[in-house]
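Coordinates in review
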Amino acid sequence: MKTLMRLFVSAMTALCLTTGLAQAQDKAATAQGLVDKAIALYDEVGQDKSFATFNDKDGEYVFDEYYVIVADGEKGTFLTHAINPKLINNPKIWDLQDVNSNFIIRDMVETGKTNPDGGWSNYTWTHPETKKLAEKKTWVKPHDGKIFMVGYYE
């Protein structure tokens, strides 16, 4: 009976670990896919129309915990932000730090500059639903002098 219980516990642990890994991979793929979709729309319809679309809180580029942010590729100034429009063109975000004193926007800009095919920027932020600190991973991809970003919480 002990052997059977150990096997059951081992199997459940493996299932949980595998499920957690698969969910993280799915979230990462969703973030990356949404960035690519946003860049394609930007190229197709131009900056004004695409930015209006990205800023539409009820649009197709905002769902679950995902939304597109576009920022200036040098200064990091947000050009779009559907969830918090007050952050658009706000120069103060350059100095925004997480609880670990990491400069969030500076890291995103640097990630965009050093990873032309895209890269991850990670920081700690308050999860909007749980109100608890959580790791946030943001996929950052430079394009046309801007950085396109989509993140998710761990």
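Just so it is clear, the model here is predicted, and its values are computed rather than measured. (Residues numbered from 1 in each chain as written. Predicted model: local features only at pLDDT ≥ 70, side-chain atom pairs only at ≥ 80, totals over all residues. Heavy atoms only, no water.)

1. A short note on unusual backbone geometry
At Asn89, a position not held by glycine, the phi torsion is positive, near 60°. Mapped onto the secondary structure, Asn89 falls in the loop between β3 (69-72) and α3 (104-114). (Helix = DSSP H or I, 4+ residues; strand = E, 2+ residues; numbered from the N terminus.)

2. What about the nonpolar core?
One recurring pattern in soluble globular proteins: nonpolar side chains tend to sit buried together. In terms of nonpolar packing, the biggest core is built from 18 residues, with Phe54, Tyr61, Val68, Phe148 and Val150 touching the most fellow members. Looking at this core, the elements that each hand over two or more residues are α1 (2-45), α2 (47-54) and β6 (146-153). The element that contributes the greatest number of residues to this core is α1, accounting for eight residues. The contact partners of Phe148, leaving out residues within four places of it in the chain, are Val35, Ala38, Ile39, Tyr42, Phe54, Ile69, Val70, Trp139, Val140, Lys141 and His143. Membership of the second largest hydrophobic core comes to 15 residues, among which are Ile69, Phe78, Tyr123 and Met149. (Core = buried A, V, L, I, M, F, W, Y, C linked by side-chain atoms within 4.5 Å. Buried < 20%, exposed > 50% of the residue type's maximum accessible area, 1.4 Å probe, protein only. Contact = heavy atoms within 4.5 Å.)

3. What about the pairing of strand β4 (residues 119-126)?
As paired strands, β4 and strand β5 (residues 133-143) are joined by eight bridges and run antiparallel to one another. Across the sheet, Ser121 pairs through a bridge with Thr138, a residue of β5. Connecting β4 to the next strand, β5, in antiparallel fashion are six residues, including Lys131 with a positive phi near 65°. (Pairing = 2+ DSSP bridges.)

4. Let's talk about α3
By the burial criterion, the buried members of α3 are Ile104, Ile105, Met108, Val109, Thr111 and Gly112. Along α3, the residues classed as buried sweep out an arc of 160° about the axis, all on the same side. Tucked inside the fold, the buried residues of α3 contact β3, β4, β5 and β6. (Arc of directions from axis to C-beta.)

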